[in-house]
Amino acid sequence: QVQLVESGGGLVQAGGSLTLSCAASGRNFISIYMGWFRQAPGKEREFVASIGRSSNNIYYADFVKGRFTISRDNAKNTVYLQMNSLKPEDTAVYYCAAKRIGYSIMSREYDYWGQGTQVTVSS
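What you see is a predicted model; the values in this text were computed from it and never measured.

Engineer: Sorry, what's going on with the side chain of Thr117 here?
Structural biologist: Here Thr117 is to be found in strand E11 (residues 117-122). Of the polar contacts made by the side chain of Thr117, one reaches the backbone nitrogen of Gly9; its length is 3.2 Å. Once you skip the residues sitting within four places of it in the chain, Thr117 turns out to touch Glu6, Ser7, Gly8, Gly9, Leu20, Ala92, Val93 and Tyr94.

And the structure:
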C-alpha cells in the first residue's frame, strides 16, 4: 500500500515556472516506479512523465520535452516535477502515481494515485 500526497500547484503566468512535489509513504520508495499525469476539463487523463527506481527509465510526453523535468529523491521519499516555460494549455489537475512492477506511460497500469494538485497558467 502506498499513499501519495501532491503539493506545489498554483496559479502562474504563461512563461513562468512551478515545481510539484509528491511525498510517498507506506512502502519502500525505492521499490516503486513513479509517474506524473494530468487531466484538463473535458479531457482524459494523459501521461506527463515517469521515472524508475534509480532515476532510470525516464520518459516524457512530447508536449513537455525540454520544459519539464522529473526527478526523485529516494532519501526523502519524494518525486518532483519541475515545470518551466508554462503554457495556458498546461492548465490541468496534476496527479502523482506509483506502479509496483515495471514502468509504463499508461495510467491504467498504475496502482496508486494522489489526490491531485491544480495547476493554472494564465494567458
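So that's the structure; there's more coming.
Engineer: I tried to follow a nonpolar patch on the surface on my own but got confused; where do I start?
Structural biologist: A surface patch of nonpolar side chains, about 360 Å² in accessible area, is lined by Tyr59, Tyr103, Ile105 and Met106. Take Met106: it is sitting in the loop between strand E9 (92-99) and strand E10 (112-113). Look at Met106 and you get partly exposed, because its relative accessible area is 35%.

Engineer: I would appreciate a short explanation of the sheet that holds strand E8 (residues 78-83) in the present structure.
Structural biologist: Two orientations exist for strands paired in a sheet by backbone hydrogen bonds: parallel and antiparallel. Ordered by their spatial adjacency, four strands build an open sheet running E1-E3-E8-E7, and the pairing between neighbours is antiparallel. With partners counted over all chains shown, the strands left at the sheet margins are strand E1 (3-7) and strand E7 (68-73), one partner each. Mean inter-strand twist for the sheet, computed between neighbouring axes without regard to direction, equals 15°. Direction of pairing for E1 relative to strand E3 (residues 18-25): antiparallel, over a ladder of five bridges. Considered in E3, the bridge of Gln3 is made with Ser25.

Engineer: Just to check I follow, could you spell out the environment of Ile51 for this structure?
Structural biologist: Looking at the secondary structure, you find Ile51 in strand E5 (residues 46-51). We classify Ile51 as buried; its relative accessible area is 2%. It is 9.4 Å that separates the C-alpha atoms of Ile51 and Ser104, two residues lying 53 residues apart in sequence. Look past the residues within four positions of Ile51 in its chain and what remains in contact with it is Tyr33, Met34, Asn56, Asn57, Ile58, Ile70, Ser71, Arg72 and Val79.

Engineer: What is the right way to read the pattern of salt bridges from this model?
Structural biologist: Opposite charge on two side chains allows them to pair when their charged atoms are near. What the rule picks out here adds up to five salt bridges. For the salt bridge of Asp90 with Arg67, the shortest nitrogen-to-oxygen distance reads 2.7 Å. Of this pair, Asp90 sits in the loop between E8 and E9 while Arg67 sits in the loop between strand E6 (59-60) and E7, and the two are 23 residues apart along the sequence. With a relative accessible area of 1%, Asp90 lands in the buried category. Overall, Arg67 belongs to the buried group, its relative accessible area being 10%. Taken together, the shared-partner salt bridges in this structure form one network comprising Arg38, Glu46, Arg67 and Asp90.

The rules we used
Residues numbered from 1 in each chain as written. Predicted model: local features only at pLDDT ≥ 70, side-chain atom pairs only at ≥ 80, totals over all residues. Heavy atoms only, no water. Helix = DSSP H or I, 4+ residues; strand = E, 2+ residues; numbered from the N terminus. Polar contact = N/O pair within 3.5 Å; in protein donor to acceptor, adjacent residues only side chain to side chain. Contact = heavy atoms within 4.5 Å. Patch = residues over 30% accessible without salt bridge, like charges linked within 9 Å, V, L, I, M, F, W, Y side chains within 5 Å. Areas by Shrake-Rupley, 256 points an atom, 1.4 Å probe, with all protein chains shown as cover. Salt bridge = Lys/Arg side-chain N within 4 Å of Asp/Glu carboxyl O. Buried < 20%, exposed > 50% of the residue type's maximum accessible area, 1.4 Å probe, protein only. Pairing = 2+ DSSP bridges. Axes fitted to C-alpha atoms, helices over the stretch in contact; angles between N-to-C directions.

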